[in-house]
Amino acid sequence: MKPIRLLVGYAPGGATDIVARSIAIKLQETLGQPVVVENRAGASSNIASEFVAKSAPDGYTLLLGTIANATNMTAFKNLGYDTMRDFVHITQFMTAPSVLTLHPSVPAKNLREFIAVAKQNPGKFAFSSSGNGGSPHLAGELLKMRANIDLIHVPYKGAAPAISDLLGGQVQMSFQTALSAIPHLKSGKLNVLAVASKKRMATMPNVPTMAEAGLSDFEVSSWNGLFAPAKTPPHIVAALYNASIKALQSADIKEKMEAQGAEPVGNSPEEFRSFVKSEIDKWEQVIVKSGAKMD
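Notes on the structure in this doc start here. Predicted model, so just to flag it, every value in this text is computed and none were measured. (Residues numbered from 1 in each chain as written. Predicted model: local features only at pLDDT ≥ 70, side-chain atom pairs only at ≥ 80, totals over all residues. Heavy atoms only, no water.)

### A short note on the pairing of strand 1 (residues 4-8)
By the criterion of burial, strand 1 is predominantly enclosed, with four of the five residues buried. Note: strand 1 against strand 2 (residues 35-39), five bridges, orientation parallel. Looking at the pairing, L6 lines up with V37 of strand 2. In this fold, the crossover linking strand 1 to strand 2 by way of helix 1 (residues 15-31) has right-handed handedness. Across three bridges, the pairing between strand 1 and strand 3 (residues 61-66) is parallel. (Buried < 20%, exposed > 50% of the residue type's maximum accessible area, 1.4 Å probe, protein only. Helix = DSSP H or I, 4+ residues; strand = E, 2+ residues; numbered from the N terminus. Pairing = 2+ DSSP bridges. Right-handed = clockwise from strand over helix to strand, strands pointing away.)

Structure below.
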């Protein structure tokens, strides 16, 4: 029996890869055929994305699409694929909202106070990110735009050193995953000002959303979902969609996602496609206005 290949544009062991492998097992059980995860890392997932975009639309070659497929549309020139034209968007697997964290040395206990202090001290505060062009970087740029404040971006090679220097006070602010933020919230080493999602997170019920904290229309999440090549027949899309929804409803998948500070989604192909387009449009504005570069 011919296996289904699920391509991941990142190295094994990361959050995206973990989701892919967990879902692949469930898809295999439901579809009754092998589902093999294949890692093709590089170029901010563009290598894997282009490969799937140019594959036969027969349901045997799929992509775990991510927020990079939205940001790359603006960040890269001469991209070898088009995220809207070259894919069928089957369903969103998960969302992991970004969390705004602040070093205790900054005299602000909430978002409104931080914005006020930042306006009084333009260019004084720096925010760390895991690298140029990633969602923590773009979240910081979005905050600068929406709050009209001047912050310095300090990119690092990965999330660990970005968090380390935040804890040490070398930088004052950072957008992190909930998984990264919760231990430091509990220890008091960092102040968590807000979560960049529509609703509060079950793992941090006392932390307000950005809207509740005073900045409306501010949502930043890492996300991923199932993409297939354009022109994949509707009956194949339906089979993959139904199998994906069944997987996302399973208790162990929900548990694994929650352990990563994420939540399962499972929207319709139409809803997912609309969401991807909205992400492309939103991040285009941020990237163009900020001049953000990709690593």
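### Re the nonpolar core
With 47 residues, the main nonpolar core has F114, L143, L151, M173, M210 and F218 as its most contacted residues. Broken down by element, the residue count for this core peaks at six residues, all from helix 11 (residues 269-290). Apart from residues no more than four positions distant in its own chain, F114 is found in contact with L102, V106, A108, F125, L143, I149, L151, M173 and L193. (Core = buried A, V, L, I, M, F, W, Y, C linked by side-chain atoms within 4.5 Å. Contact = heavy atoms within 4.5 Å.)

### Concerning the environment of R112
On the secondary structure map, R112 appears in helix 4 (residues 111-120). Taking the C-alpha atoms as reference points, R112 and L215, 103 residues apart in sequence, are found 8.4 Å from one another. Contacts of R112, omitting those with residues within four sequence positions, involve E212, A213 and G214. In this structure the side chain of R112 is engaged in a polar contact, spanning 3.3 Å, whose partner is the backbone oxygen of A213. (Polar contact = N/O pair within 3.5 Å; in protein donor to acceptor, adjacent residues only side chain to side chain.)

### Considerations on the packing of helix 1 against helix 10 (residues 251-259)
Two elements in contact, helix 1 and helix 10, have axes separated by 11 Å at closest approach and are oriented at 180°. With respect to each other, helix 1 and helix 10 are oriented roughly antiparallel. Where helix 1 approaches helix 10, its residues V19, S22, I23 and K26 are matched on the opposing element by D252, I253, K256 and M257. Residues that form the contact of helix 1 with helix 10 fall into these classes: four nonpolar, one polar and three charged. (Axes fitted to C-alpha atoms, helices over the stretch in contact; angles between N-to-C directions. Parallel < 35°, antiparallel > 145°, perpendicular 65-115°, else oblique. Nonpolar A, V, L, I, M, F, W, Y, C, P; charged D, E, K, R; others polar.)

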